[in-house]
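These are the residues of each chain, in order.
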Amino acid sequence: MFEIVKKEELSDAVTLFEIEAEDIAKKAKAGNFFILKINEQGERIPLTIADFDRDRGTITTVFQKIGKTTHHLGTLNEGGFISDVIGPLGKPAHIEDFGTVVCVGGGVGIAPVYPIAKAFKEAGNTVISIIGARTKNLIFWEDKMRAVSDDLIVTTDDGSHGRKSVVTVPLDELLRTDKSINLVIAIGPAIMMKFVCITSEKYNVKTLVSLNSIMVDGTGMCGSCRIEVGGEIKFACVDGPEFDGHKVDFDLLMARQRMYLDEEKFALQRYLESYKEKKGGK
Amino acid sequence: MEDKKKKNRIKMREQTPQARIQNFMEVPYGYTPNEAVEEASRCLSCLRPACRNGCPVEVDIPSFIKLIKEGKFIEAAWKVKEKNALPAVCGRVCPQEIQCESLCILGKKGEPVAIGNLERFVADYEASEGEIQTPEKPKVTGRKVAIIGSGPGGLTCAADLIKSGHQVTLFEALHKPGGVLVYGIPEFRLPKTIVEREVEYIKKLGVEVVVNAVIGKLYTIDELLNGHGYDACFIATGAGLPMFLGIPGENLNGVYSANEFLTRANLMKAYLFPEYDTPVKRGKKVAVFGGGNVTIDTARVALRLGAEKVYLIYRRSEEEMPARKAEIHHAHEEGIEFMLLTNPTGFIDDGKGNICAVECSKMELGEPDESGRRRPVPIKGSKFQVEIDVGIPAIGTRSNPLLLHTVPDLKLNKKGYISAEADTGMTSKQGVFAGGDIVTGSATVILAMGAGKKAAKSINEYLKWKYWDFKR
Ligand SMILES: Cc1cc2nc3c(=O)[nH]c(=O)nc-3n(C[C@H](O)[C@H](O)[C@H](O)COP(=O)(O)OP(=O)(O)OC[C@H]3O[C@@H](n4cnc5c(N)ncnc54)[C@H](O)[C@@H]3O)c2cc1C
Ligand code: FES
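A few points on the structure.

The rules behind the values
- Residues numbered from 1 in each chain as written.
- Chains lettered and ligands numbered in written order.
- Predicted model: local features only at pLDDT ≥ 70, side-chain atom pairs only at ≥ 80, totals over all residues.
- Heavy atoms only, no water.
- Pairing = 2+ DSSP bridges.
- Helix = DSSP H or I, 4+ residues; strand = E, 2+ residues; numbered from the N terminus.
- Axes fitted to C-alpha atoms, helices over the stretch in contact; angles between N-to-C directions.
- Patch = residues over 30% accessible without salt bridge, like charges linked within 9 Å, V, L, I, M, F, W, Y side chains within 5 Å.
- Areas by Shrake-Rupley, 256 points an atom, 1.4 Å probe, with all protein chains shown as cover.
- Salt bridge = Lys/Arg side-chain N within 4 Å of Asp/Glu carboxyl O.
- Phe/Tyr/Trp six-rings, centres within 6.5 Å; stacked < 30°, edge-to-face > 60°.
- Buried < 20%, exposed > 50% of the residue type's maximum accessible area, 1.4 Å probe, protein only.

1. Things to note about the sheet that holds strand 2 (residues 167–171) of chain B
Residues and elements named next belong to chain B. With parallel pairing, 5 strands are arranged side by side in an open sheet as 3-2-1-4-15. Each edge of the open sheet is held by one strand with a lone partner, namely strand 3 (208–210) and strand 15 (432–434). Ignoring strand direction, the axes of neighbouring strands in this sheet form an average angle of 20 degrees. Pairing analysis gives 3 bridges linking strand 4 (residues 232–235) to strand 15, with the strands arranged parallel. What sits directly across from Ile235, in strand 15, is Ala434.

2. Topic: the sheet that holds strand 6 (residues 285–289) of chain B
Residue and element names in this part refer to chain B. Spatially, 8-7-6-13 is the arrangement adopted by the 4 strands of the open sheet, whose pairing is parallel. Only two strands of the sheet have a single partner each, and these edge strands are strand 8 (337–339) and strand 13 (390–393). For this sheet, the mean angle separating the axes of adjacent strands, direction not counted, is 20 degrees.

3. A word on a nonpolar patch on the surface
Among the surface-exposed residues, Ile191, Phe195 and Ile198 of chain A lie close enough to one another that they form a single nonpolar patch of about 270 Å² accessible area. Structurally, Phe195 of chain A is set in helix 6 (residues 190–202).

4. Re the packing of aromatic side chains
Applying the stated rule across the entire model yields 18 aromatic pairs over all chains. Seen in terms of ring centroids, Phe140 of chain A and Trp141 of chain A are 5.8 Å apart; in terms of plane orientation they differ by 75 degrees. Their pairing is edge-to-face. Per residue, the accessibility class of Phe140 of chain A equals that of Trp141 of chain A, and both read buried. Ring centres of Phe121 of chain B and Tyr125 of chain B lie 5.8 Å apart, and the angle between their planes is 40 degrees; on these two criteria the pair is classed as tilted. Here Phe121 of chain B and its partner Tyr125 of chain B are both found in helix 7 (residues 115–128), 4 residues apart, which amounts to about one turn of the helix. Taking relative accessible area as the criterion, Phe121 of chain B reaches 5% and is therefore assigned buried. Here Tyr125 of chain B falls in the partly exposed class, since its relative accessible area comes to 23%. Three or more aromatic residues link up through ring pairs in this structure, and these residues are Tyr114, Phe140 and Trp141 of chain A.

5. Description of unusual backbone geometry
Across the junction of Gly240 of chain A and Pro241 of chain A, the peptide omega takes the value 10 degrees, indicating a cis bond. Structurally, Pro241 of chain A can be placed in the loop between helix 7 (236–239) and strand 17 (242–244). The step from Phe273 of chain B to Pro274 of chain B runs through a cis peptide bond, and the omega angle for that step is 5 degrees. On the secondary structure map, Pro274 of chain B appears in the loop between helix 12 (258–267) and strand 6. Phi at Glu58 of chain B takes a positive value of approximately 60 degrees, unusual for a residue other than glycine. Turning to its location among the elements, Glu58 of chain B is positioned in the loop between helix 3 (33–40) and helix 4 (61–69). With relative accessibility at 48%, the residue Glu58 of chain B sits in the partly exposed group. The phi dihedral of Lys466 of chain B falls on the positive side, at around 50 degrees, and the residue is not glycine. Relative to the helices and strands, Lys466 of chain B is located in the segment after helix 17 (445–465).

Right under this line is the structure:
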């Protein structure tokens, strides 16, 4: 059992948990993820380790309420427990001094990009960050990102905050004008990562992405998370989650992410109805 | 009359094929006490019993059968447990027909004594009587052993070492202990409550079981041996890396590795969706590929998940199938359609990223290959398609490098499995022993248990002298 020691609503749909997991915190590195399972009936879902505190013995994660499991997770409170937490998993991000790097975080992807931006900054890079979301209420950690970036650009699709555009517009401008940029990191929805890669490929700037495929064990045992990189099958959980974005088959990734759309919809609806009943009954 | 009784064993009653494909309950019901006594009475109590030599963990078969004859079922269970910590499991899943039962003298003229059925009976009987006895606590040695992986190999080694008075911790990557017994072998062949019962027993003996511990990630072997103060490690992490066919379309939705399909269905209980959260595609027309026990388990699970049609597609003929005959028989009974001498060459996309068919080639058998089996070769111009919505390659597994990569001084063989001495489990790294599928490649429950036993013995020796001499 793992205790939730802190809960924070970062935006309308995005929640932060700090979870007590001393041994995982000891080993965690930027880019790692973990798997959690809420209770006996629960499914195993991967979430990024967005931060960790070795002294407090905690890991921090940020999730968006999308399906049944994340909605259920959102109902848990400080002092509540999660039955299983497994990690740290995946290869850590490759951090070194590349010169100038651009870190792009989209939606809930802002959370996992944060520790990477921070690590790049600490390694001596000039860090330019772009964070974006559909609308103002979905942007979070602007301050935290600003603190670890030399420059921060905020975008929203509807223009309710920052620049009215998608993240690739300022990225394109940066790449066009600043030839010192040696690396782009992008984490967010697959479609965003795909377009970031299309953009950066024009300028021939290496781009790393962190892939969020559907997982079960997270240890290379099942192949659920498989994707294609440079025409080869890779397991996102053990070979990644970080990959060379210019080689990733994003269309395949997106198709595989839709595998259980019907089941997910059904489970969520059923959950929300029973949750309403429970609340109404009280 | 007497003779006829001796010739044929007492059949175990089982669910009819029509009934059982609708549920996940165990297929055979088990013996009643009367049936067990009757079956045990077929045993000739040979002066020089051969059956024992066929048991990789040396269960005293004649003695436990004699106790059954005398109606001393609990004592019979203890007799088995002297050597085998998992009798309810082994009674169900061991290939007795090529082990103990193959050596039974009765097999020469008729059917051998149903040793597996009897083993299962005594274990279940003891459990149904409530409180399971644990042996007296041994003297504490102050030594600590870490076991990595809680499959049959790890469980057996843990049980033996704790009986020697060492402190034993069993680390498991998944959230439930049991290895293949919980994630792979389906409920209807091995009910999960039985595995839980066996794990509880081992905990009662004093073994500390730590789940959610991915060794190599959470702790390395060196950290366990140095920082955490373990005197020795036993690695029994199994062969858990799925192999794919390597044909076009294999990443389409609806294509699963057998490991994934079985893990979703068994460990995650997807057959109880939506009560359990994990989904699995319930195909209407399912094809499984391969010819082993795992292939058949997968096919039978697909059927129970509601498939109208399940094809088992295998590139050789039924003769060459490595699966147990009894399992092949069960599959036929349940209506699984065997497409033999057939090789998949590609999965077809429905245009939306889902699989809608598999393209196959007809094969014929040519010259024998290195395995001694006749090599299948494709027949020119024989390509055809089979409509399916779920396709599951079940063609074997390999060594998972996750942990091994973090132990660079551990010698591996050409195939990536750990090099370990067969008799002792010793590896090239001092204090580290290994056994089970991670050494042999996919094998059997009982062989993994045998390896766990041998390793426990040599770990005991090692803890006395801390002497290391690995000769390979
Ligand atoms: C579907 C299926 C059906 C089978 N049917 C039969 C049968 O009927 N009869 C039979 O005799 N055999 C059968 N087998 C084979 C048998 O199950 C295996 O040979 C046996 O389980 C091997 O035991 P093991 O202890 O070596 O490893 P496993 O049972 O594979 O257990 C290894 C354990 O180690 C854990 N692990 C792996 N890596 C790590 C790590 N880094 N840190 C911590 N833990 C880790 C795994 O999660 C797993 O729980 C079957 C196998 C399958 C897949
Ligand atoms: S999640 Fe199972 S192999 Fe990656």
